[in-house]
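This is what each chain is made of:
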Amino acid sequence: MVEKIKVPGSQTVNGTVWVSGAKNAALPLLAASLLSSDGMELRNVPPLLDIDTMLDLLTQLGVICSITKNSPWANSIKLKTDSLYNFTAPYEIVKKMRASILVLGPLLARLGRCCVSLPGGCAIGVRPIDLHLKGLKALGAEIDLKDGYVYAKAIKGLKGADFRFPIVTVTGTENIMMAATLADGVTVLENVAREPEVVDLANCLNSMGAKISGQGTDVIEIKGVSNLGGAKYSVIPDRIEAGSYAIAAGITEGRVDLIGGNFRNVLQSFIDKMEEIGLIFSDIENGIHVESSGKLLSTSVCTSPYPGFPTDLQAQTMSLLCLAEGESEITENIWENRFMHAAELMRMGASISVSGAKAHIKGVKQLTGASVMATDLRASFGLITAALSASGDTTIDRVYHIDRGYSCLEEKFKGCEITLERVKGG
Ligand code: EPZ
């Protein structure tokens, strides 16, 4: 049965949100467990559909996964990785979640061969993996594409090499960095992603015995080692979840305490932009307080790789700018099709025109409730925030997207005096 979320309008965010571990950090960390036969214990893992999908995939490869619930929004996961009996990531799993491609580098490095389904496109763009494959080829892997699968081989093991990414890719950097940890010799990766999630992965790999330096800059050096040990590691808090709830507070003229980490460090370009729009941020113990100044001002936003403005907060920001005084512009530089939410916001009375990578937004005084469709994970949250500020009820269809990346959504909003209702619908 399809689920929808009904959002009563004219609500104000007022409360505290415990931010979960970052989905986009947890997924590569889970894949990294494949690099060692000594197992891994990962803490602060968010309970999300995408995590379940990665655990399904690891289980199919021979990993034994056991989950302990530490709180409604955080699990510990023990991964027993001593006997992998399979090296195939099948289409049935990869089509559900593109991040499955993250097993490619670790499997190849540990087993010398693997077979991973090509992910295909998705709602926000074509999303090729050519750079993952080029990077692995540079490390000496033989790659064949057949019947929709990538067959990768490195029978004599991978060899350290220099490789420059022509464009910055997050999971591409993660895949090649993981593969290079077990390569023979030194690998230097240039123009790598600097995202905090990449740094988190490098730190975890180093705790397993890898020799990685430069993480957080645009050049990473990896001195290959012959094997890696186990790890006990805690996932960093989710900066995108934190930013999403900050916008929910701003759009509803409310306030929220975001607890769980130093968000200012990892969200600086986002916070700068939000302050320009009219949100007020102040540091509190183990988190940040966000409140509305009572006024939203227009601005221009360009998404770019870290430390730039994150594409994963673009849809939510568009909702906010729909209500900002004056005219705003958003340029989406990462994904070629990540404006599908604009048409849904227009059904709620927003004034937006999209041309290529640019969206032009004329602020309106009020949005009105409507039936809308969630087009991707971040767009879903953007529509919820828009709906909270609208007059009347909004019903959001295809909310399965949201369960992939936002844990305990209703509970977290309830802690902010917000009511959302999940309804079954045909
Ligand atoms: C990661 O995706 C995130 N996913 C995405 O989060 C995020 O939007 C994206 O990085 C950008 O920040 C995970 O970390 C699991 P990329 P990823 O490779 O790694 C092009 C969310 O909502 N490219 O950095 O797949 C690509 O087309 C999600 O949580 C190539 O051309 O993104 C894009 O234009 C959605 N060839 C650009 O690079 C390649 O081989 C950046 O993509 C790889 C990428």
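For the structure, check the block above.
Residues numbered from 1 in each chain as written. Predicted model: local features only at pLDDT ≥ 70, side-chain atom pairs only at ≥ 80, totals over all residues. Heavy atoms only, no water.

A.B. asks: Would you mind showing me how to read the overall build of the chain here?
C.D. replies: Counting secondary structure elements, the chain contains 15 helices and 24 strands. Expected size for 426 residues packed as a compact globule is a radius of gyration near 22 Å; at 21 Å, the chain falls within 12% of this value. Taking the principal axes of its C-alpha atoms as reference, the chain extends roughly 65 × 45 × 40 Å. Residues classed as buried in the chain amount to 57% of the 426 residues present. (Helix = DSSP H or I, 4+ residues; strand = E, 2+ residues; numbered from the N terminus. Rg over C-alpha atoms; globule rule 2.2 N^0.38 Å. Buried < 20%, exposed > 50% of the residue type's maximum accessible area, 1.4 Å probe, protein only.)

A.B. asks: Just to check I follow, could you spell out the packing of aromatic side chains for this structure?
C.D. replies: Aromatic ring pairs are defined here through the distance separating the ring centres and the angle between the ring planes. Scanning all chains against the criterion turns up 8 aromatic pairs. Centroid distance Tyr245 to Phe381: 5.0 Å. Interplanar angle 75°. Geometry classified as edge-to-face. Residue Tyr245 is found in helix H8 (residues 239-251), and its partner Phe381 is found in helix H13 (residues 377-389); the two are separated by 136 residues along the sequence. Here Tyr245 and Phe381 have matching classes, each one buried. Members of the aromatic cluster, joined through ring pairs, are Tyr245, Phe381, Tyr406 and Phe413. Over the face of the ring belonging to Tyr151 we find Lys146, whose NZ or CZ atom lies 5.3 Å from the ring centre. (Phe/Tyr/Trp six-rings, centres within 6.5 Å; stacked < 30°, edge-to-face > 60°. Lys NZ or Arg CZ within 6 Å of the ring centre and 35° of its normal.)

A.B. asks: Mind showing me how you'd approach the sheet that holds strand E14 (residues 231-234) here?
C.D. replies: Consider a sheet: its strands pair through backbone hydrogen bonds, and that pairing is either parallel or antiparallel. Taken together, the 4 strands give an open sheet; going across it, the order is E4-E5-E3-E14, and neighbouring strands pair in mixed fashion. In this open sheet, the two strands that pair with only one neighbour each are strand E4 (64-71) and E14. Taken over all neighbouring pairs, the strand axes of this sheet differ in orientation by 15° on average, direction set aside. Pairing between E4 and strand E5 (residues 74-80): 7 bridges, direction antiparallel. What sits directly across from Cys65, in E5, is Leu79. Contacting strand E3 (40-45) and E14, helix H7 (residues 196-207) runs over the sheet at an angle of about 155° to E14. (Pairing = 2+ DSSP bridges. Axes fitted to C-alpha atoms, helices over the stretch in contact; angles between N-to-C directions. Contact = heavy atoms within 4.5 Å.)

A.B. asks: Mind showing me how you'd approach the site of the ligand here?
C.D. replies: Surrounding the ligand, one finds 22 residues, the nearest of these being Asp130, Thr169, Thr171, Asp312 and Ile334. Here an oxygen atom of the ligand sits 3.0 Å away from a polar atom, N or O, in the side chain of Lys23. Asp130 places a polar side-chain atom, nitrogen or oxygen, 2.7 Å from a nitrogen atom of the ligand. Its free accessible area being 830 Å², the ligand has 87% of it covered by the protein chains. (Near = heavy atom within 4 Å. Polar contact = N/O pair within 3.5 Å; in protein donor to acceptor, adjacent residues only side chain to side chain. Areas by Shrake-Rupley, 256 points an atom, 1.4 Å probe, with all protein chains shown as cover.)

A.B. asks: Any chance you could explain the sheet that holds strand E21 (residues 358-362) here in plain terms?
C.D. replies: The strand order across the open sheet formed by 4 strands is E18-E19-E21-E20, and the pairing between neighbours is mixed. Bordering the open sheet on either side are strand E18 (300-302) and strand E20 (351-355), each of which pairs with just one other strand. Looking at each pair of strands side by side, their axes are set apart by 15° on average, direction ignored. Inspection of the sheet shows E18 paired to strand E19 (residues 327-331) by 3 bridges, in the parallel sense. Bridge pairing links Val301 to Ile330 in E19.

A.B. asks: Explain the pattern of salt bridges to me, please; I cannot follow it from the model alone.
C.D. replies: Two side chains of opposite charge can pair, provided their charged atoms sit close to one another. Applying the stated criterion across every chain, the model contains 20 salt bridges. One salt bridge connects Asp184 with Lys159, and the closest N-O pair in it is separated by 3.9 Å. Here the residue Asp184 occupies a position in the loop between helix H6 (170-181) and strand E11 (186-190), and Lys159 occupies one in the loop between strand E9 (149-153) and strand E10 (162-164), the gap between them amounting to 25 residues. In this structure Lys159 comes out as partly exposed when scored by relative accessible area, which is 48%. Across the salt bridge formed by Glu197 and Arg239, the nearest N and O atoms sit 2.8 Å from each other. (Salt bridge = Lys/Arg side-chain N within 4 Å of Asp/Glu carboxyl O.)

A.B. asks: I'm lost on the nonpolar core in this one. Help?
C.D. replies: Soluble globular proteins: nonpolar side chains tend toward being buried together. Counting residues in each nonpolar core, the largest one holds 77 residues, and the members touching the most others are Met54, Leu58, Val103, Met177 and Leu205. Considering every element that reaches this core, the biggest residue donor is helix H1 (residues 23-32), with 7 residues. For Val103, the residues in contact, after removing those within four places along its chain, are Ala31, Leu34, Met54, Leu57, Leu58, Leu61, Ala89 and Val116. Within the second largest apolar cluster, 65 residues are counted, among which are Ala246, Ala249, Leu296 and Ala387. (Core = buried A, V, L, I, M, F, W, Y, C linked by side-chain atoms within 4.5 Å.)

A.B. asks: I'm lost on unusual backbone geometry in this one. Help?
C.D. replies: A negative phi holds for most residues other than glycine; trans holds for most peptide bonds. Geometrically, the link from Tyr306 to Pro307 is a cis peptide bond, its omega value of 10° lying close to zero. Turning to its location among the elements, Pro307 is positioned in the loop between E18 and helix H11 (314-321). Despite not being glycine, Asn286 has its phi angle at roughly 55°, a positive value. Locating Asn286 in the fold gives a position in the loop between strand E16 (279-284) and strand E17 (287-292). Relative accessible area serves as the criterion here: at 44%, Asn286 is assigned to the partly exposed category.

A.B. asks: Any chance you could explain the packing of helix H10 (residues 268-277) against H11 here in plain terms?
C.D. replies: Two numbers describe a pair of packed helices, the interaxial angle and the distance between the axes. Where H10 meets H11, the closest approach of the two axes is 12 Å, and the angle between their N-to-C directions is 10°. Judged on the interaxial angle alone, H11 and H10 are roughly parallel. Contacts between H10 and H11 involve Phe270, Met274 and Ile277 from the former and Thr317, Leu320 and Leu321 from the latter. (Parallel < 35°, antiparallel > 145°, perpendicular 65-115°, else oblique.)

A.B. asks: Would you mind going over the layout of surface pockets with me for this structure?
C.D. replies: The gaps left among the atoms become clear once a water-sized probe is rolled over them. One number sums up the size of the second largest pocket: a volume of about 410 Å³. If you go around the second largest pocket, you meet 21 residues; those closest to its centre are Glu253, Leu296, Leu323, Val364 and Lys365. Residue assignment for the lining of the second largest pocket shows that the elements contributing at least two residues are H8 and H13. Here the residues of the lining of the second largest pocket sort into 6 nonpolar, 11 polar and 4 charged. (1 Å grid on protein atoms, 1.4 Å probe; cavity = no way out; pocket = protein on both sides within 12 Å on 5 of 7 lines; lining within 4 Å. Points joined across faces, edges and corners; volume = space filled by probe spheres on them. Nonpolar A, V, L, I, M, F, W, Y, C, P; charged D, E, K, R; others polar.)

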